[in-house]
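Examining the three-dimensional arrangement
What follows is each chain in one-letter form.
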Amino acid sequence: TAVAVTEKPKENFTGLSIEDKTVTYDGTAQTIAVVGAPDDAKVEYTYAKAEGNDIVDKAIDAGTYKVTATVSKEGYNNWEGTATLTINPKTLTVSGLAADSKTYDGTTDAVVTGGTLSGKVDGDEVDATLPKTGTFANANVGNEIAVSIADITLTGADKDNYTLTQPTGLKANITKKSITVTAKDVTVKIGSKMEDVKLEYTVEGLVDGEKLTGALAVDGNVDFSKVGEYAIVQGTLDAGTNYDLKFVE
C-alpha cells in the first residue's frame, strides 16, 4: 500500500493594495508601500519612467514613474500591483535681489544687484542666472517705482528637479537731475524794444535730446530808455519735474 503525498496548495494574498502617490523632490529615493503586506513577506519594486518607459534602479529625480510591486512569501502565490508615483520638482526662491535707485537720465534702465538662490538640496548642482539689469515702469522722477526683470533661469545638472518662483516687488527711486542754466549777457541800444532783444542761455546737465520750455525775461520788463544794467531773470524758463534747475542771472 502506497501513501501519496501532495504539495499543499498555495494561498492567495488578500487585502493587499498599492495606490498612486505624489511627493516633492528631496534628493532621496521614493517608493510606494504596499498596503496590507505581511511583515514577513518580501516586497520587490521596479520603476519605469513615464517618458520612454525606461526602467531605473530608483525613483529619485522629479518625474512620473510606473511602480510595480511584487509581494512574495513561502506558501503564497505572488501578488503584483501597479501604481503611479509622481515626484514634483522642488520650488526654489531668490532672496536679496534689489534694484538700485538712480538720478534721472531719461531712460527706464535699472541696475539690479544681489540675489541668493534658496531651497536646494545639499549637494545638488543647481544655480540661477541672476539678473544685472532691469526696467523701470517709467523714466520719470518718482519714489517706489516698480522695476521688472527678465525671468531667471536655473542651470546645472540637477536643474530639472526644481522650479523657481520668480521674484517680484522690486522697486527703486528716480531722483531729480541737477542742471545749471546760465543767462548770457547782452548789450542793446537805448530805445530797443523788448520783443527785438534775443535772450540766450547755456545749459549744463540736460539729458541729450531734451529741451527747456518757456523763455528768459528782463527784470521789470523795461523799455531800455536809460543807460544801465538790467538783470536777466529766469522768467518762464522751465525744465520740468525731472530736473532741479539752478539759474544764474
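Remember, predicted model here, so these are calculated numbers, not experimental data. (Residues numbered from 1 in each chain as written. Predicted model: local features only at pLDDT ≥ 70, side-chain atom pairs only at ≥ 80, totals over all residues. Heavy atoms only, no water.)

Looking at the overall build of the protein
Worth spelling out the cut-off: Only DSSP runs of H or I reaching four residues or more are called helices, and only runs of E reaching two or more are called strands; each is numbered from the N terminus. Note on method: radius of gyration uses C-alpha positions; expected globular size equals 2.2 Å times residues raised to 0.38. In what follows, a contact means two residues having at least one pair of non-hydrogen atoms within 4.5 Å. Residue-level accessible areas treat just the shown protein chains as cover; the underlying method is Shrake-Rupley with a 1.4 Å probe. When charges are counted, Lys and Arg contribute as positive and Asp and Glu as negative, whereas His and the chain ends are disregarded. Charge coordinates come from a single atom per side chain, which is NZ of Lys, CZ of Arg, CG of Asp or CD of Glu.
Across its full length, the protein carries zero helices and 19 strands. Here the protein has a C-alpha radius of gyration of 39 Å; the compact-globule value for 249 residues is 18 Å, and the former is much larger. With the C-alpha coordinates of the protein rotated into their principal frame, the extents come out at 155 × 30 × 30 Å. Intrachain contacts of the protein at a sequence separation of at least 6 include 60% that bridge at least 24 residues. A total of about 15700 Å² of accessible surface is found on the protein, and carbon and sulfur atoms cover 46% of it. Between the centroid of the 23 positive side chains of the protein and the centroid of its 38 negative side chains there is a distance of 3 Å.

A look at the sheet that holds strand β1 (residues 21–24)
We apply this condition: Each pair of strands is called paired provided DSSP finds at least two bridges between the two strands.
Strand order in the open sheet formed by five strands is β1-β5-β4-β2-β3, and the pairing between neighbours is mixed. In this open sheet, the two strands that pair with only one neighbour each are β1 and β3 (55–56). Bridging between β1 and strand β5 (residues 79–88) involves four bridges; their strand directions are parallel. Bridge assignment links T22 to a residue of β5, and that residue is T86.

No statement about biological role is implied by the geometric values presented.
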